[in-house]
Amino acid sequence: MVLPSVAWQRLGDYLRETQLLGSIQSTLYWDQNTRMPQAGALWRGEQLALLARELHSRQSCNYFSCLLDEAKEELSRETKSGAFSSGESLQRSINLKLLDQDIQRQKRLDARLVSDLAQAKAEGYSCWHQAKDKNDFLLFAPALRKLIDLRKEQASQLKEPRSCWETLAQPFEPDVTFSRLEELFAPLRKRLPDLIDDVRAWGFRTGMKSWDLEPSIQKNLCGQLLLSWGRDDSISCVASSPHPFSITLGPSDFRLTTRIVPGQPLSCFFATAHEWGHSLYEQGLPSESHQWFAWPLGHATSMGVHESQSLFWENRVARSEAFSERWWRIFEEAGAPVRSTQDLWRLMNPLTPGLNRVEADELSYGLHIMIRTDLEIALLEKGLDVEAIPDEWNRRYFELLGLTPKSDSEGCLQDVHWSEGLFGYFPSYLLGHLISAQLSEAMNLDMKVEGFNSEDPLEERIALGEEDQLLSWLRSNVHHHGRSVNAECLVEKVTGRKLSSQPFLAYLEKKLDRLSSCS
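Inspection of the secondary structure puts H56 in helix α2 (residues 41-60). H56 gets classed as buried once you look at its relative accessible area, which sits at 5%. Measuring from C-alpha to C-alpha, the distance between H56 and L113 comes to 10 Å, with 57 residues separating the pair along the chain. Contact partners of H56, with chain neighbours within four places excluded, come to Q106, L109, D110, A111 and V114.

Following this line, the structure appears as structure tokens:
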């Protein structure tokens, strides 16, 4: 006689071992980006390739399939016998369905391709780093071409009823289609350039003196921010890297990186706010038992939802007027040229189109993403030559933002994503803006029901220093879903309506109206 949930436990134990291997892979990635010497890149590539082969084997082997089949049969039996509540039965069923999708995807991939991709990503990162340092795209071009070829082969092997680019985007944004992105982004393509022109007419940035803060002071400000937002240093770690990122290495091991940019004294502060938002989301994902970290429901809904959380903390909170009201004296004491709330709020929201995506303001950020998305699709599906990227990049920046990079490092080499073959990721950033805006509207409505009578209860909470209440709302309404739904379903479930660009545009227009009075 089979004991209750024995097959489920065996499957869970297997998933946990697979997750342990995955976390070792992630730890090597963390080290590669933060401490590894450049000469270690080739050996690191071999290490990551070996782990990739082992992980692929575990995620596609017949033994895993058998464990999954046994767990399905067991769940069917025990559900019929009434062993589980309807909610628990549904959760287990969703986990098994997601695992089945994942294993079918893995089985279609050749083990050699998986290994070659892992090595190419490690080599690509090293080449990108050197090319960026030497301001020479051609040093990176061969590695990028190799990654494009490998990703095309990956899409071909997966044989999904989607285009190459859509197939590669699925791990980041399940069920995304190019036509849906066009539907969401078209109003932004039309409206954002007009708003940028409106802001240019204000002219309040003219003659503003450049300023900077010592790296130690910037790090201290970031430390104060994380402390005020509840950082527990027993489960989190902060380091520096060429490109800021957040990563989870275990159920109680949350890492993030930031960077100091000379002449950009707020860059480190906002990068820290952004990456901590990612980490807060990871810390809030389902964790009812020790196994949830390994089960699909314990993972993020999508990268668009992930980005919505980081952008919420970076933009809706840290760039808000209420936040500046509380923090301007702290910045003044640190040496920033501010004497009032409005001074800091203007600095926090420069609204001046620039060439760097990470440093971009909320108004122009979407245009940066659309340029990258269009170029990715051109590379993967329309035959754009890799060597043509610098010229195409510069042309599109001039057309949309009226700016031209002076160098490859300032232009097409600024992002790390392509060096790791992460084609299909960029739209998640802009989807994150749209999701954040729509979730914020829902948060405001809920807080009005709770008795906050101001026009913007979210700002009122920030003014009171009650960011923990904002996090509590996100925990209750967003984080707990994990992978049980896709991003669009989550938004509709929480807000009661389909995802749209309208809330984001409405938020921008309202904010611009208020900022214009400070010009």
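The subject of this paragraph is the pattern of salt bridges. Enumeration according to the criterion identifies 34 salt bridges in this entry. Across the pair R92 and E88 runs a salt bridge, and its minimum N-O distance is 3.6 Å. With R92 and E88 both in helix α4 (residues 86-107), this residue pair falls 4 residues apart, about one helical turn. Salt bridges here are not isolated pairs; linked through shared partners, they connect E392, R395, R396 and E399.

Attention shifts here to unusual backbone geometry. Within the chain, N135 stands out as a residue other than glycine whose phi angle is a positive 55°. Note on placement: N135 falls in the loop between α5 (111-134) and α6 (141-158). Overall, the relative accessible area of 34% leaves N135 in the partly exposed class. Positioned with a positive phi, K159 is a non-glycine residue whose angle comes to about 50°. Inspection of the secondary structure puts K159 in the loop between α6 and α7 (164-169).

Let us now look at empty space enclosed by the protein. Summed over all chains, the structure comprises 3 cavities of 30 Å³ or more. Considering only enclosed or pocket space, the largest cavity measures out at about 40 Å³ in volume. Together, L311, N315, R316, E362, H433, S436, A437, F504 and Y507 line the largest cavity. In the lining of the largest cavity, the residues fall into 4 nonpolar, 3 polar and 2 charged.

What follows covers the packing of aromatic side chains. Going through the model one piece at a time under the given rule, you end up with 23 aromatic pairs. Each ring, one from W8 and one from W295, has its centre 4.0 Å from the other, and the planes form 10°; the classification is stacked. With a gap of 287 residues between them, W8 in helix α1 (residues 6-34) and W295 in the loop between α10 (267-283) and α11 (303-317) connect regions that are remote in the sequence. W8 sits in the buried class, given a relative accessible area of 9%. By relative accessible area, which is 2% here, W295 ends up buried. The lysine or arginine in question, R255, covers the ring of W30, its NZ or CZ lying 5.2 Å from the ring centre. The cationic tip of R357 hangs over the ring face of Y429; the distance from NZ or CZ to the ring centre is 4.4 Å.

What follows covers the side chain of S126. The topology assignment puts S126 in helix α5. In this structure S126 touches Q38 and A41, once residues within four positions along its chain are discounted.

To continue, consider the side chain of S60. Among the structural elements, S60 can be located in helix α2. Judged by its relative accessible area of 17%, S60 falls in the buried class.

Right, let's talk about the sheet that holds strand β1 (residues 236-240) for a bit. One open sheet accounts for 3 strands, arranged β1-β3-β2; its pairing is mixed. The open sheet terminates on both sides in strands that have one partner only, identified here as β1 and β2 (246-250). Here the average twist between neighbouring strands, direction ignored, is 25°. Both β1 and strand β3 (residues 253-258) contribute to a ladder of 5 bridges, which runs parallel. Following the sheet pairing, S236 is matched in β3 by F254. Contacting β1, β2 and β3, α1 crosses the sheet at an angle of about 140° to β2.

Glancing now at the pairing of β2. Counting buried residues in β2 gives 4 out of 5 residues, a clear majority hidden from the surface. By the bridge criterion, 4 bridges tie β2 to β3 in an arrangement that is antiparallel. Bridging across to β3, S246 finds its partner in L256. Counting the residues between successive antiparallel strands, the hairpin from β2 to β3 contains 2 residues.

The rules behind the values
- Residues numbered from 1 in each chain as written.
- Predicted model: local features only at pLDDT ≥ 70, side-chain atom pairs only at ≥ 80, totals over all residues.
- Heavy atoms only, no water.
- Helix = DSSP H or I, 4+ residues; strand = E, 2+ residues; numbered from the N terminus.
- Buried < 20%, exposed > 50% of the residue type's maximum accessible area, 1.4 Å probe, protein only.
- Contact = heavy atoms within 4.5 Å.
- Salt bridge = Lys/Arg side-chain N within 4 Å of Asp/Glu carboxyl O.
- 1 Å grid on protein atoms, 1.4 Å probe; cavity = no way out; pocket = protein on both sides within 12 Å on 5 of 7 lines; lining within 4 Å.
- Points joined across faces, edges and corners; volume = space filled by probe spheres on them.
- Nonpolar A, V, L, I, M, F, W, Y, C, P; charged D, E, K, R; others polar.
- Phe/Tyr/Trp six-rings, centres within 6.5 Å; stacked < 30°, edge-to-face > 60°.
- Lys NZ or Arg CZ within 6 Å of the ring centre and 35° of its normal.
- Pairing = 2+ DSSP bridges.
- Axes fitted to C-alpha atoms, helices over the stretch in contact; angles between N-to-C directions.

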